[in-house]
Structure formats: structure tokens, C-alpha cells
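These are the residues of each chain, in order.
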Amino acid sequence: QADAIHIIRAIQNERMDYNTTADVKNDIALGRLLVAVDGDKRLGSLAIVYKPHRGYYALMRGCVYSKQSRGKGVMTALIKYAISLNLGDLGGTPWNTNPAIIHIFQKCGFQYQYTFNKFYDFYKKSLDK
């Protein structure tokens, strides 16, 4: 419960429209939220959501909670951990105006597939189970 409260407050402090309190509560309840920690400090999170109509696991709502933790490999570690779970194909839809996350996806072996709604790029990593 304390983790949930901390994560929700961190998300609220970032004022993200793509990662709401309801999203976080739901991701925690469904056991699909990865959280990066260092000792007792929560650094960031990433949801893994299966998209049956698309046939892949979507990496969604990634967030590094503080500016001091950004650029230090937190999101890379979360994505690499998601890959290590070997669930199957993974996909992500970063805004094409966010070069940092695009770089991370490319560094982790995701391949650009296409752009939709002008601002979203779809990246995919196919995994052999």
C-alpha cells in the first residue's frame, strides 16, 4: 500500500495525461507494473499490458519519477527487464518528439514500424519464446 501511494504521488507530481492515478491503481491491481527501486527509493515504473487484438505486450506509461534520476538508465533497466521476462513480442508507442525514449527503444533492439496519429511511432521487438 505504501508503494502504491508513493507511485501515485510521483505520477501526480509529473502531471502526466497519459499516466493517471486510475491507470496506476489498475496496473498495480493487475500485477502488470514494473517498478525500479534503489534501496528504499522508487525511481520509475513501466506497465506491461497484453494487447490480444495486436498480439504483443505493450510497454506503456513509462515514467522516471524525479529529474535527478533521469538519464541514469532507469527506463533502460525497466525495458531490459521486460525483455528478460520473455513474454513474447513487445511493442511501444513513444511520441516522436521524445528522442530519449526512442533512443532507449532502439538501444534495446526495438525496430521502428510506422508512425500514426502524426506524433506516435510504433516500435516492436520480436522475441522467441
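Remarks on the side chain of T76
Line of reasoning, step 1. Along the chain, T76 turns up in helix 3 (residues 74-84).
Line of reasoning, step 2. In this structure, T76 is in contact with I104, K107 and C108, ignoring residues within four places of it in sequence.

Here's the deal with the sheet that holds strand 2 (residues 41-51)
Line of reasoning, step 1. Taken in spatial order, the six strands make up an open sheet running 1-2-3-4-6-5, and their pairing is mixed. The open sheet is flanked by strand 1 (33-38) and strand 5 (111-116), the only strands paired with a single partner. With direction set aside, neighbouring strand axes in the sheet form an average angle of 25°.
Line of reasoning, step 2. Sheet analysis places strand 1 next to strand 2, joined by six bridges and oriented antiparallel.

Concerning the packing of aromatic side chains
Line of reasoning, step 1. Under the counting rule described, the total for this entry stands at eight aromatic pairs.
Line of reasoning, step 2. Residues F105 and F110 carry aromatic rings whose centres are separated by 4.7 Å and whose planes lie at 65° to one another, so their mutual orientation is edge-to-face. Residues F105 and F110 agree in their burial class; the two are buried.
Line of reasoning, step 3. Their ring planes at 70° and their centres at 5.7 Å tell us that Y112 and Y123 sit as a pair that is edge-to-face. On the criterion of sequence distance, the pair formed by Y112 in strand 5 and Y123 in strand 6 (residues 120-125) is long-range, its members being eleven residues apart.

What to know about the side chain of R42
Line of reasoning, step 1. Looking at the element boundaries, R42 is found in strand 2.
Line of reasoning, step 2. Looking at R42, its side chain comes within polar contact range of the main-chain oxygen of D40, at 3.5 Å.
Line of reasoning, step 3. If we ignore the near neighbours within four places in the chain, the residues touching R42 are D3, H6, I7, V35, A36, V37 and Y65.

A look at the confidence of the model for the protein
Line of reasoning, step 1. Overall, the prediction assigns the protein a mean pLDDT of 88, with 91% of residues at 70 or greater.
Line of reasoning, step 2. Per-element confidence in the protein ranges from a low mean pLDDT of 68 for helix 1 (residues 2-14) to a high of 97 for strand 4 (residues 90-92).

Digging into the environment of L87
Line of reasoning, step 1. The residue L87 is located in the loop between helix 3 and strand 4 in this model.
Line of reasoning, step 2. Each C-alpha atom of the pair L87 and Y56 lies 8.8 Å from the other, and the pair is 31 residues apart in sequence.

Digging into helix 3
In an α-helix, one turn spans 3.6 residues, which is why side chains three or four residues apart end up on the same side.
Line of reasoning, step 1. Listed in full, the buried residues belonging to helix 3 are V74, M75, T76, L78, I79, A82 and I83.
Line of reasoning, step 2. On its buried face, helix 3 sits against strand 1, strand 2, strand 3 (56-64), strand 4, helix 4 (99-107) and strand 6.

Reading the values: rules and limits
Residues numbered from 1 in each chain as written. Predicted model: local features only at pLDDT ≥ 70, side-chain atom pairs only at ≥ 80, totals over all residues. Heavy atoms only, no water. Helix = DSSP H or I, 4+ residues; strand = E, 2+ residues; numbered from the N terminus. Contact = heavy atoms within 4.5 Å. Pairing = 2+ DSSP bridges. Axes fitted to C-alpha atoms, helices over the stretch in contact; angles between N-to-C directions. Phe/Tyr/Trp six-rings, centres within 6.5 Å; stacked < 30°, edge-to-face > 60°. Buried < 20%, exposed > 50% of the residue type's maximum accessible area, 1.4 Å probe, protein only. Polar contact = N/O pair within 3.5 Å; in protein donor to acceptor, adjacent residues only side chain to side chain. pLDDT = per-residue confidence, 0-100.

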